[in-house]
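# Close look at the chain arrangement
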Amino acid sequence: MRALLIVDMSNDFISDDGSLSLKKQGQVLVPHIMKHIEEFKDDIIVFCNDTHSENDEHFKLWPKHNVVNTSGIELYGDLKKYYDNHKNDMNVYYVKKSEYDAFYKTELKDILKALKIEEVYVTGVCTDICIFNTVYGAYKEGFKTFVYKDSVATFTNNQEIFLKHMENIYKTKII
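Cut-off values and rules
Residues numbered from 1 in each chain as written. Predicted model: local features only at pLDDT ≥ 70, side-chain atom pairs only at ≥ 80, totals over all residues. Heavy atoms only, no water. Helix = DSSP H or I, 4+ residues; strand = E, 2+ residues; numbered from the N terminus. Rg over C-alpha atoms; globule rule 2.2 N^0.38 Å. Buried < 20%, exposed > 50% of the residue type's maximum accessible area, 1.4 Å probe, protein only. Areas by Shrake-Rupley, 256 points an atom, 1.4 Å probe, with all protein chains shown as cover. Pairing = 2+ DSSP bridges. Right-handed = clockwise from strand over helix to strand, strands pointing away.

Counting its regular elements, the protein contains seven helices and six strands. Reading the secondary structure of the protein in the N-to-C direction produces β-α-α-α-β-α-β-α-β-α-β-α-β. Here the protein has a C-alpha radius of gyration of 15 Å; the compact-globule value for 175 residues is 16 Å, and the two agree. A principal-axis box enclosing the C-alpha atoms of the protein has dimensions of 40 × 35 × 30 Å. Going through the 175 residues of the protein one by one, you find that 51% of them count as buried. Summed over all atoms, the accessible surface of the protein reaches about 8600 Å², with 51% contributed by carbon and sulfur.

Our focus in this paragraph is the pairing of strand S3 (residues 92–97). Sheet analysis places strand S2 (residues 44–50) next to S3, joined by six bridges and oriented parallel. Its bridge partner lying in S3, Asn 49 is registered against Lys 96. The β-α-β motif built from S2, the intervening helix H4 (residues 77–86) and the parallel element S3 has right-handed crossover chirality.

Here we take up the pairing of S2. If a strand is regular, its side chains alternate between the two faces of the sheet. Extensive coverage of S2 is indicated by the burial of seven of its seven residues. Burial of the side chains of S2 extends over both faces: Ile 44, Val 46, Cys 48 and Asp 50 are buried on one face and Ile 45, Phe 47 and Asn 49 on the other. Pairing of strand S1 (residues 2–7) with S2 involves five bridges; the strand directions are parallel. The partner of Ile 6 across the bridge, within S2, is Phe 47.

The six strands lie next to each other as S3-S2-S1-S4-S5-S6, forming an open sheet whose pairing is parallel. Bordering the open sheet on either side are S3 and strand S6 (173–174), each of which pairs with just one other strand.

Rendered as structure tokens:
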């Protein structure tokens, strides 16, 4: 079995008024991710979302973002609509993460192992931060990893470098 991970596609990272937003660069990913969701409708879909308290230590490095009980933490656009309509489905999950790696101190590994997932397909933002670290987490836990190139983006000019690193270091297939 396989799982689609959708990482940090929240208002704060994607919306025009998000506090740490990629704006258009992130917004153009949504139709691609929606297409992949459709391809995974009989598999596992996991929304992995940065989740912080108001006074999180994380904000010493970054602007405030994805604070609990704010609109910034909500999934962006069609992704929110999809999740709201399918959150009770047996194959749709939501994992709160506090670090860059969606596997670090979360229940993600346990969920995927219990479901006998072997392959993890990763989408979302940011390629050189949370995507890279989540792919490492998946690799470290023994999952075969894939990244949809049309469904990841970053703030920096490091997109291609980090895709190549994932391919070379974690044996990730970039598709």
